[in-house]
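The primary structure of each chain is shown beneath.
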Amino acid sequence: MTEEMSARPAARRGPYAKSARRRAEIVSSATSVFAARGYRGGSLREIAKQIDLSLTSVVHHFPTKSALLVAVLERADAASIESFESDTRTKGVASAVLRYVRRNLERPEMLRLLALMAAESSAPDHPAHEWFRDRYERVIAAIAIAVRRDQDEGRISNSRAPRNIAESLVALWDGLQLQWLIDPRRDLVAGVTAALEDLLGIQDALDT
(Lines give C-alpha, C1' and ligand atoms only; values in the text may rest on other atoms or scores of the structure.)
Protein backbone atom coordinates (compact mmCIF):
# COMPACT_ATOMS: atom_id res chain seq x y z
CA MET A 1 0.00 0.00 0.00
CA THR A 2 2.78 2.43 0.94
CA GLU A 3 4.67 1.78 -2.29
CA GLU A 4 1.52 2.16 -4.34
CA MET A 5 0.58 5.42 -2.65
CA SER A 6 4.07 6.85 -3.02
CA ALA A 7 4.10 5.96 -6.72
CA ARG A 8 0.87 7.80 -7.53
CA PRO A 9 2.09 11.40 -7.10
CA ALA A 10 5.09 10.69 -9.34
CA ALA A 11 2.76 9.35 -12.02
CA ARG A 12 0.65 12.47 -11.77
CA ARG A 13 3.67 14.76 -11.89
CA GLY A 14 5.08 13.12 -15.01
CA PRO A 15 2.90 14.83 -17.64
CA TYR A 16 3.28 18.20 -15.92
CA ALA A 17 7.07 17.87 -15.83
CA LYS A 18 7.12 16.91 -19.51
CA SER A 19 4.85 19.84 -20.37
CA ALA A 20 7.09 22.23 -18.41
CA ARG A 21 10.17 20.94 -20.25
CA ARG A 22 8.43 21.35 -23.59
CA ARG A 23 7.42 24.92 -22.74
CA ALA A 24 11.00 25.68 -21.71
CA GLU A 25 12.29 24.30 -25.02
CA ILE A 26 9.84 26.45 -26.95
CA VAL A 27 10.78 29.55 -24.98
CA SER A 28 14.49 28.87 -25.60
CA SER A 29 13.87 28.50 -29.33
CA ALA A 30 11.76 31.66 -29.40
CA THR A 31 14.48 33.55 -27.55
CA SER A 32 16.96 32.62 -30.27
CA VAL A 33 14.59 33.45 -33.13
CA PHE A 34 13.36 36.75 -31.69
CA ALA A 35 16.92 37.80 -30.82
CA ALA A 36 18.00 37.15 -34.42
CA ARG A 37 14.94 38.42 -36.30
CA GLY A 38 12.94 40.55 -33.89
CA TYR A 39 9.36 39.84 -32.93
CA ARG A 40 7.82 40.78 -36.25
CA GLY A 41 10.47 38.92 -38.27
CA GLY A 42 10.34 35.71 -36.25
CA SER A 43 7.57 33.17 -36.83
CA LEU A 44 6.02 30.37 -34.79
CA ARG A 45 6.78 28.01 -37.67
CA GLU A 46 10.49 28.83 -37.50
CA ILE A 47 10.46 28.44 -33.71
CA ALA A 48 8.84 25.02 -34.07
CA LYS A 49 11.28 23.93 -36.78
CA GLN A 50 14.31 24.76 -34.62
CA ILE A 51 13.32 22.15 -32.06
CA ASP A 52 11.72 19.69 -34.48
CA LEU A 53 8.15 20.27 -33.31
CA SER A 54 4.95 20.73 -35.25
CA LEU A 55 3.37 24.17 -35.34
CA THR A 56 0.34 22.59 -33.62
CA SER A 57 2.50 21.56 -30.66
CA VAL A 58 3.83 25.11 -30.22
CA VAL A 59 0.34 26.59 -30.44
CA HIS A 60 -0.89 24.05 -27.88
CA HIS A 61 1.49 25.58 -25.31
CA PHE A 62 1.38 29.19 -26.55
CA PRO A 63 -1.83 29.96 -28.46
CA THR A 64 -0.48 33.26 -29.83
CA LYS A 65 2.91 34.64 -30.75
CA SER A 66 2.37 37.53 -28.36
CA ALA A 67 1.81 35.08 -25.47
CA LEU A 68 5.09 33.40 -26.35
CA LEU A 69 6.84 36.78 -26.52
CA VAL A 70 5.72 37.63 -22.99
CA ALA A 71 7.04 34.26 -21.75
CA VAL A 72 10.38 34.96 -23.44
CA LEU A 73 10.62 38.42 -21.91
CA GLU A 74 9.68 37.16 -18.46
CA ARG A 75 12.46 34.58 -18.62
CA ALA A 76 14.94 37.12 -19.93
CA ASP A 77 14.06 39.38 -17.03
CA ALA A 78 14.17 36.63 -14.43
CA ALA A 79 17.65 37.61 -13.27
CA SER A 80 15.36 38.97 -10.70
CA ILE A 81 14.49 42.28 -9.26
CA GLU A 82 14.01 40.56 -5.91
CA SER A 83 17.71 39.73 -5.58
CA PHE A 84 18.59 43.22 -6.85
CA GLU A 85 16.48 44.80 -4.10
CA SER A 86 18.14 42.58 -1.51
CA ASP A 87 21.59 43.69 -2.71
CA THR A 88 20.61 47.37 -2.53
CA ARG A 89 19.55 46.95 1.10
CA THR A 90 22.77 45.28 2.20
CA LYS A 91 25.41 47.05 0.07
CA GLY A 92 23.75 50.01 -1.64
CA VAL A 93 22.59 50.79 -5.14
CA ALA A 94 26.05 51.09 -6.76
CA SER A 95 27.16 47.66 -5.59
CA ALA A 96 23.82 46.11 -6.59
CA VAL A 97 23.98 47.59 -10.09
CA LEU A 98 27.56 46.43 -10.65
CA ARG A 99 26.75 42.91 -9.47
CA TYR A 100 23.81 42.83 -11.90
CA VAL A 101 26.01 44.11 -14.73
CA ARG A 102 28.58 41.36 -14.11
CA ARG A 103 25.85 38.70 -14.24
CA ASN A 104 24.57 40.19 -17.50
CA LEU A 105 27.99 39.75 -19.13
CA GLU A 106 27.27 36.01 -19.17
CA ARG A 107 23.98 36.32 -21.06
CA PRO A 108 24.52 38.57 -24.11
CA GLU A 109 21.79 36.82 -26.11
CA MET A 110 19.21 37.75 -23.47
CA LEU A 111 20.46 41.33 -23.33
CA ARG A 112 20.35 41.57 -27.11
CA LEU A 113 16.78 40.30 -27.07
CA LEU A 114 15.70 42.82 -24.44
CA ALA A 115 17.41 45.68 -26.31
CA LEU A 116 15.82 44.68 -29.61
CA MET A 117 12.37 44.18 -28.10
CA ALA A 118 12.56 47.44 -26.15
CA ALA A 119 13.22 49.35 -29.38
CA GLU A 120 10.46 47.52 -31.28
CA SER A 121 7.98 47.95 -28.44
CA SER A 122 8.23 51.74 -28.53
CA ALA A 123 5.42 51.45 -31.10
CA PRO A 124 2.13 51.64 -29.15
CA ASP A 125 0.60 48.74 -31.09
CA HIS A 126 3.46 46.33 -30.32
CA PRO A 127 2.41 43.34 -28.17
CA ALA A 128 5.19 44.06 -25.65
CA HIS A 129 4.52 47.81 -25.38
CA GLU A 130 2.73 47.64 -22.04
CA TRP A 131 5.13 45.01 -20.68
CA PHE A 132 8.14 47.25 -21.26
CA ARG A 133 6.35 50.34 -19.99
CA ASP A 134 5.49 48.50 -16.77
CA ARG A 135 8.99 47.02 -16.53
CA TYR A 136 10.66 50.42 -16.74
CA GLU A 137 8.28 51.73 -14.11
CA ARG A 138 9.11 48.82 -11.76
CA VAL A 139 12.85 49.13 -12.26
CA ILE A 140 12.91 52.91 -11.83
CA ALA A 141 10.72 52.69 -8.73
CA ALA A 142 12.98 50.03 -7.17
CA ILE A 143 16.13 52.05 -7.87
CA ALA A 144 14.52 55.26 -6.55
CA ILE A 145 13.77 53.50 -3.24
CA ALA A 146 17.37 52.29 -3.06
CA VAL A 147 18.72 55.77 -3.87
CA ARG A 148 16.58 57.35 -1.13
CA ARG A 149 17.93 54.76 1.34
CA ASP A 150 21.52 55.47 0.29
CA GLN A 151 20.96 59.21 0.62
CA ASP A 152 19.56 58.76 4.12
CA GLU A 153 22.49 56.54 5.11
CA GLY A 154 25.12 58.83 3.61
CA ARG A 155 26.28 56.36 0.96
CA ILE A 156 25.84 58.81 -1.91
CA SER A 157 26.22 62.59 -2.05
CA ASN A 158 23.84 63.43 -4.90
CA SER A 159 20.83 65.03 -3.19
CA ARG A 160 18.59 65.33 -6.25
CA ALA A 161 15.15 63.71 -6.22
CA PRO A 162 15.63 59.91 -6.06
CA ARG A 163 13.34 59.27 -9.02
CA ASN A 164 15.28 61.69 -11.22
CA ILE A 165 18.53 59.94 -10.28
CA ALA A 166 16.93 56.54 -10.94
CA GLU A 167 15.73 57.59 -14.39
CA SER A 168 19.21 58.89 -15.29
CA LEU A 169 20.83 55.73 -13.96
CA VAL A 170 18.60 53.47 -16.04
CA ALA A 171 19.28 55.57 -19.15
CA LEU A 172 23.06 55.39 -18.61
CA TRP A 173 22.91 51.67 -17.86
CA ASP A 174 20.84 50.85 -20.95
CA GLY A 175 22.98 53.04 -23.18
CA LEU A 176 26.31 51.60 -22.03
CA GLN A 177 24.94 48.07 -22.26
CA LEU A 178 23.81 48.68 -25.86
CA GLN A 179 27.26 50.02 -26.77
CA TRP A 180 28.80 46.87 -25.30
CA LEU A 181 26.44 44.63 -27.27
CA ILE A 182 27.49 46.41 -30.46
CA ASP A 183 31.19 46.32 -29.54
CA PRO A 184 32.06 43.69 -26.88
CA ARG A 185 35.62 45.05 -26.74
CA ARG A 186 34.28 47.83 -24.54
CA ASP A 187 34.70 47.40 -20.79
CA LEU A 188 31.09 47.48 -19.64
CA VAL A 189 31.89 47.20 -15.93
CA ALA A 190 34.37 50.08 -16.10
CA GLY A 191 31.89 52.22 -18.04
CA VAL A 192 29.05 51.62 -15.62
CA THR A 193 31.40 52.16 -12.65
CA ALA A 194 32.44 55.58 -13.94
CA ALA A 195 28.82 56.51 -14.67
CA LEU A 196 27.74 55.49 -11.15
CA GLU A 197 30.55 57.47 -9.52
CA ASP A 198 29.65 60.60 -11.51
CA LEU A 199 25.90 60.30 -11.10
CA LEU A 200 25.75 59.27 -7.45
CA GLY A 201 28.64 61.38 -6.24
CA ILE A 202 30.72 58.54 -4.84
CA GLN A 203 34.28 57.32 -5.16
CA ASP A 204 35.48 53.78 -5.81
CA ALA A 205 32.08 52.30 -6.74
CA LEU A 206 33.80 48.96 -7.27
CA ASP A 207 34.59 48.85 -3.56
CA THR A 208 31.12 49.78 -2.28
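Everything quoted here is computed from the prediction, not taken from an experiment.

Definitions and cut-offs
Residues numbered from 1 in each chain as written. Predicted model: local features only at pLDDT ≥ 70, side-chain atom pairs only at ≥ 80, totals over all residues. Heavy atoms only, no water. Axes fitted to C-alpha atoms, helices over the stretch in contact; angles between N-to-C directions. Helix = DSSP H or I, 4+ residues; strand = E, 2+ residues; numbered from the N terminus. Parallel < 35°, antiparallel > 145°, perpendicular 65-115°, else oblique. Left-handed = near helix turned anticlockwise from the far one by under 90°. Contact = heavy atoms within 4.5 Å. Nonpolar A, V, L, I, M, F, W, Y, C, P; charged D, E, K, R; others polar. Phe/Tyr/Trp six-rings, centres within 6.5 Å; stacked < 30°, edge-to-face > 60°. Buried < 20%, exposed > 50% of the residue type's maximum accessible area, 1.4 Å probe, protein only. Salt bridge = Lys/Arg side-chain N within 4 Å of Asp/Glu carboxyl O. UniProt positions renumbered as here; feature names shortened; annotations may be inferred.

Caption draft 1: Fine view of the packing of helix H4 (residues 65-76) against helix H7 (residues 108-120). Across the interface, H4 lies against H7 with an axial gap of 10 Å and an inter-helix angle of 125 degrees. Judged by the inter-axis angle, H4 sits oblique to H7. For H4 against H7, the interelement crossing comes out left-handed. Contacts between H4 and H7 involve Leu 69, Val 72, Leu 73, Arg 75 and Ala 76 on the former and, on the latter, Met 110, Leu 113, Leu 114 and Met 117. Looking at the contact of H4 with H7 residue by residue, the classes come out as eight nonpolar, no polar and one charged.

Caption draft 2: Seen up close, the packing of aromatic side chains. All told, the structure shown has five aromatic pairs when counted by the stated rule. Relative to Phe 132, the ring of Trp 131 lies with its centre 4.9 Å away and its plane at 80 degrees, an arrangement referred to as edge-to-face. Residue classification places Trp 131 among the buried positions, given a relative accessible area of 10%. Among the aromatic residues, those joined into a cluster by ring pairs are Phe 84, Tyr 100 and Trp 173.

Caption draft 3: View of the pattern of salt bridges. Under the criterion given, the structure shown has ten salt bridges. Of the charged contacts, one joins Arg 185 and Asp 183 as a salt bridge, the two residues approaching to 2.9 Å between their closest N and O atoms. One salt-bridge network, in which partners are shared between bridges, spans Glu 137, Arg 163 and Glu 167.

Caption draft 4: Looking closely at the UniProt feature "DNA-binding region" (unreviewed entry) in the chain. Here, UniProt's "DNA-binding region" (unreviewed entry) annotation points to residues 43-62. Secondary structure within residues 43-62 divides into 70% helix and 0% strand; the distance between the first and last C-alpha atoms comes to 13 Å.

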